[in-house]
Amino acid sequence: MDYQFILVSKDPAGFAVVQLNRPEVLNAINIKLMEELVAALEALDSDQDIRCIVITGNEKAFAAGADIKEMSDASAVEMLQRDQFARWDRIRKVKKPIVAAVSGFALGGGCELMMTCDIVIASETARIGQPEINIGVMPGAGGTQRLTRAVGKVKAMEMVLTGTMITAQEALQWGLVNKVMPVEFYLEEAKALAKNIAQKPPLAVRLAKESVLKAFDTTIEGGLEFERKNFYLLFASEDQKEGMKAFTEKRNAQWKGK
Ligand code: CAA
C-alpha cells in the first residue's frame, strides 16, 4: 500500500519501523496521517513475519500534536461527526508490542501517541508535553487519562494545566519513558529492543502484553484472574513445551508461535 504521510519498512529480524513523515509541520497528525498509521499498524499486526513494531518520527519531532490548522475552524458538531480521535483507539487494540522511538517534540497528540505505545526510547533532545491549554483546548486523545496513570495526579495536572514541556531526563524520572539515549542512538536502541522482543515466543508476548494492559482497566482481583488464565492458556502452546524442555536440556529454544 502506498502512503502519503508515513514510511513503513520491514526488517528481516522480525520487526517493522513506521516513520511519521510530515517533517515540514513537525509531523503534525492530520486525519489522513492517522488513517494511514492505523491501517499500517493493523496490516503489520496481521503480518506473520512481524513480531514487534517501532513508531518513530525524525530527530526534530516525533509529532508536534494533532494538526491545529485542520481543526481550527471546525464546529463542535463537525468535531463530533469527524470523531477523529476515535480512530486512535484502534492503536490500543494492536496485539503486537509497539516501541516508540522519540526525539525532539512529542507534544499534545504526539505525547498521546507516545503514551499509547508500550515501551518508549527517547533521545536526549526529546521535549514532551500537553500544550493544548495554550491554544484554548485540552488533551483529547488520551492525555488526561494515560498521563495521569503514568506520572500521577499532581505532575499530570501541572503538565496539562500549564502546557509546560518536560525534558527527556524528567520524563525518565517520572516513568514516562524507559530509556534516554544520545540522539545518534535512540532509534538504533529502539530497533534493538524490537529485535529482542521479536525473538521471544509470540504467543507469550501477545498474552503478556494483553495482561499488562489489563491492569489499566480492571480491579486487582480481575487482573490477577485474567493473568492466571493467560498463564495457564500458554500451557496449550507448543512453545511452552519447547521453552521448558530447552531450559532443562540447556539449549536455545526454537519458537514456532504455536
Ligand atoms: N499543527 C499544525 N502545524 C504545526 C503544528 C501542529 N500541531 N506544530 C507545528 N506546526 C507547523 C507550524 O505551523 C510551522 O508551519 P509553517 O512553517 O507553515 O508556519 C511548522 O510546523 C514549524 O513549526 P514552528 O515554526 O512553530 O517551529 P518552532 O521550532 O518555532 O516551534 C513548536 C516548535 C514549539 C513545537 C511549535 O510548532 C508548537 O507550539 N506547535 C504546536 C504544539 C501544540 O500545540 N500541539 C498540540 C496540538 S492540539 C492536540 O494535539 C490535541 C490532542 O489532544 C490530540
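Residue numbering note: each chain is counted from 1, following its sequence as written. Only residues with pLDDT of at least 70 are given local features in this predicted model, and only at 80 or more are side-chain atom pairs given and counted; all residues enter the totals for whole chains, interfaces and linings. Note that water and hydrogens are dropped before the side-chain values are worked out from all heavy atoms of the structure.

Undergrad: What is the right way to read the domain arrangement of the chain from this model?
TA: One widely used convention gives an interface's size as the accessible area the parts lose upon coming together. The assigned domain composition of the chain is domain 1 (6–198) and domain 2 (202–248). For domain 1 versus domain 2, the separation of C-alpha centres amounts to 27 Å. Facing the 10 residues of domain 1 at the interface are six residues of domain 2. Summed over both partners, the accessible area (1.4 Å probe) lost when two parts come together is defined as the buried area. The junction of domain 1 with domain 2 conceals about 690 Å² of combined surface from both sides, 58% of it contributed by carbon and sulfur atoms. We define a salt bridge as a side-chain nitrogen of Lys or Arg found within 4 Å of a carboxyl oxygen belonging to Asp or Glu. Taken together, the links from domain 1 to domain 2 amount to one salt bridge. Of the charged contacts, one joins aspartate 118 and lysine 209 as a salt bridge, the two residues approaching to 2.7 Å between their closest N and O atoms. Tallied by class, residues from the side of domain 1 that touches domain 2 come to four nonpolar, no polar and six charged. A domain assignment, automatic or from a database, supplies the domain bounds used here. Residue contacts follow a heavy-atom distance rule, with two residues in contact if any of their heavy atoms lie within 4.5 Å. Gly counts as polar in this scheme, as do all residues outside two lists: the nonpolar Ala, Val, Leu, Ile, Met, Phe, Trp, Tyr, Cys and Pro, and the charged Asp, Glu, Lys and Arg.

Undergrad: Explanation requested: the site of the ligand in the structure shown.
TA: Proximity criterion: a residue is near a molecule or strand once any of its heavy atoms comes within 4 Å of it. Around the ligand, the surrounding shell holds 23 residues, and the nearest of these are Ala66, Gly109, Glu112, Glu132 and Gly140. Identification of polar contacts relies on pairs of N or O atoms within 3.5 Å, with a donor-acceptor requirement for protein atoms, meaning one able to donate a hydrogen and the other able to accept it, and with residues adjacent in sequence counted only if both atoms are side-chain atoms. Within the contact set of the ligand, an oxygen atom lies 2.9 Å away from a side-chain nitrogen or oxygen of lysine 69. One nitrogen or oxygen atom from the main chain of glycine 109 is found 2.8 Å from an oxygen atom belonging to the ligand. Here, Shrake-Rupley sampling with a 1.4 Å probe gives the accessible areas, and only protein chains in the shown set may cover a residue. Protein burial of the ligand: of its 980 Å² of free accessible surface, 66% is covered by the chains. Take the shell around the ligand: its biggest share by element is three residues, from helix α2 (residues 68–71). Grouping the constituent residues of the shell around the ligand by class yields 14 nonpolar, four polar and five charged. We count a stretch as a helix when DSSP gives it H or I for four or more residues in a row; a strand needs E for two or more, and each element gets its number in order from the N terminus.

Undergrad: Got a minute to help me understand the packing of aromatic side chains in this structure?
TA: Aromatic ring pairs are described here by two measures, namely the spacing of the ring centres and the angle between the planes. Between rings of Phe, Tyr and Trp, where Trp is taken as its six-membered ring, a pair exists when centres lie within 6.5 Å; planes separated by under 30 degrees are stacked, by over 60 edge-to-face, and by other angles tilted. In total, this model carries three aromatic pairs according to the counting rule given. Aromatic side chains phenylalanine 231 and phenylalanine 235 sit 5.4 Å apart centroid to centroid with 55° between the ring planes, which places their arrangement in the tilted category. Partly exposed residues are those whose accessible area sits between 20% and 50% of the maximum for their type, while under 20% is buried and over 50% is exposed, using a 1.4 Å probe and protein chains only. Judged by its relative accessible area of 35%, phenylalanine 235 falls in the partly exposed class. One aromatic cluster is present, built from ring pairs that chain together Phe231, Tyr232 and Phe235. Throughout this description, the term charge over a ring refers to an Arg CZ or Lys NZ atom that lies within 6 Å of the ring centre and within 35 degrees of the ring normal. A cation over a ring is seen here: arginine 22 above phenylalanine 5, with NZ or CZ 5.1 Å from the ring centre.

Undergrad: Would you mind going over the pairing of strand β5 (residues 98–102) with me for this structure?
TA: Where a strand is regular, its side chains alternate between the two sheet faces. Counting buried positions along β5 yields five of five residues, so the element is predominantly enclosed. A two-sided burial pattern is seen for β5, the buried positions comprising Ile98, Ala100 and Val102 on one face and Val99 and Ala101 on the other. Both strand β3 (residues 52–56) and β5 contribute to a ladder of four bridges, which runs parallel. Counted as the bridge partner of isoleucine 55 is alanine 100 from β5. Bridge count for β5 against strand β7 (residues 119–123) is four bridges, and the pairing is parallel. Looking across to β7, one finds that valine 99 is bridged to isoleucine 119. Strands were regarded as paired on the criterion that DSSP finds at least two bridges between them.

Undergrad: Hey, could you run me through the side chain of glutamate 36 in this one?
TA: Take glutamate 36: it is sitting in helix α1 (residues 31–45). Of note is the side chain of glutamate 36, whose polar atom sits 2.9 Å from the backbone nitrogen of glutamine 4. For glutamate 36, the residues in contact, after removing those within four places along its chain, are Tyr3, Gln4, Phe5 and Ile6.

Undergrad: Help me understand the sheet that holds β3, please; the structure alone is not making it clear to me.
TA: Strand-to-strand pairing in sheets goes through backbone hydrogen bonds, with the strands running parallel or antiparallel. Strand order in the open sheet formed by six strands is β1-β2-β3-β5-β7-β10, with mixed pairing between adjacent strands. What marks the edges here is a single partner per strand, and that holds for β1 (6–11) and β10 (179–181). The mean inter-strand angle of the sheet, taken between neighbouring strand axes irrespective of direction, is 20°. In this sheet, β3 lies alongside strand β2 (residues 15–20) in parallel orientation, the contact comprising five bridges. Paired with phenylalanine 15 across the strands is cysteine 52, a residue of β3. Note on method: axes are straight lines fitted to C-alpha atoms, helices fitted across the in-contact stretch only, with angles between N-to-C directions ranging 0 to 180 degrees.

Undergrad: What is the right way to read a nonpolar patch on the surface from this model?
TA: Patch membership requires over 30% relative accessible area and the absence of a salt bridge. Like charges are linked within 9 Å, and nonpolar side chains (Val, Leu, Ile, Met, Phe, Trp, Tyr) within 5 Å. A contiguous nonpolar surface patch, about 440 Å² in accessible area, is contributed by Phe231, Tyr232, Phe235 and Met244. Among the secondary structure elements, phenylalanine 235 is positioned in the loop between α11 (220–233) and α12 (238–248).

Undergrad: Is there a simple way to think about the pattern of salt bridges in this case?
TA: Close approach of charged atoms lets side chains of opposite charge pair. Under the definition given, this model contains 14 salt bridges. Note that lysine 10 is salt-bridged to aspartate 47, the shortest N-O span being 2.7 Å. Note that lysine 10 is positioned in strand β1 and aspartate 47 in the loop between α1 and β3, a separation of 37 residues in sequence. Assessed through its relative accessible area of 14%, aspartate 47 is described here as buried. A salt bridge links glutamate 249 to arginine 251, with the nearest nitrogen and oxygen atoms 2.7 Å apart. Looking at glutamate 249, the relative accessible area reads 41%, which means it is partly exposed.

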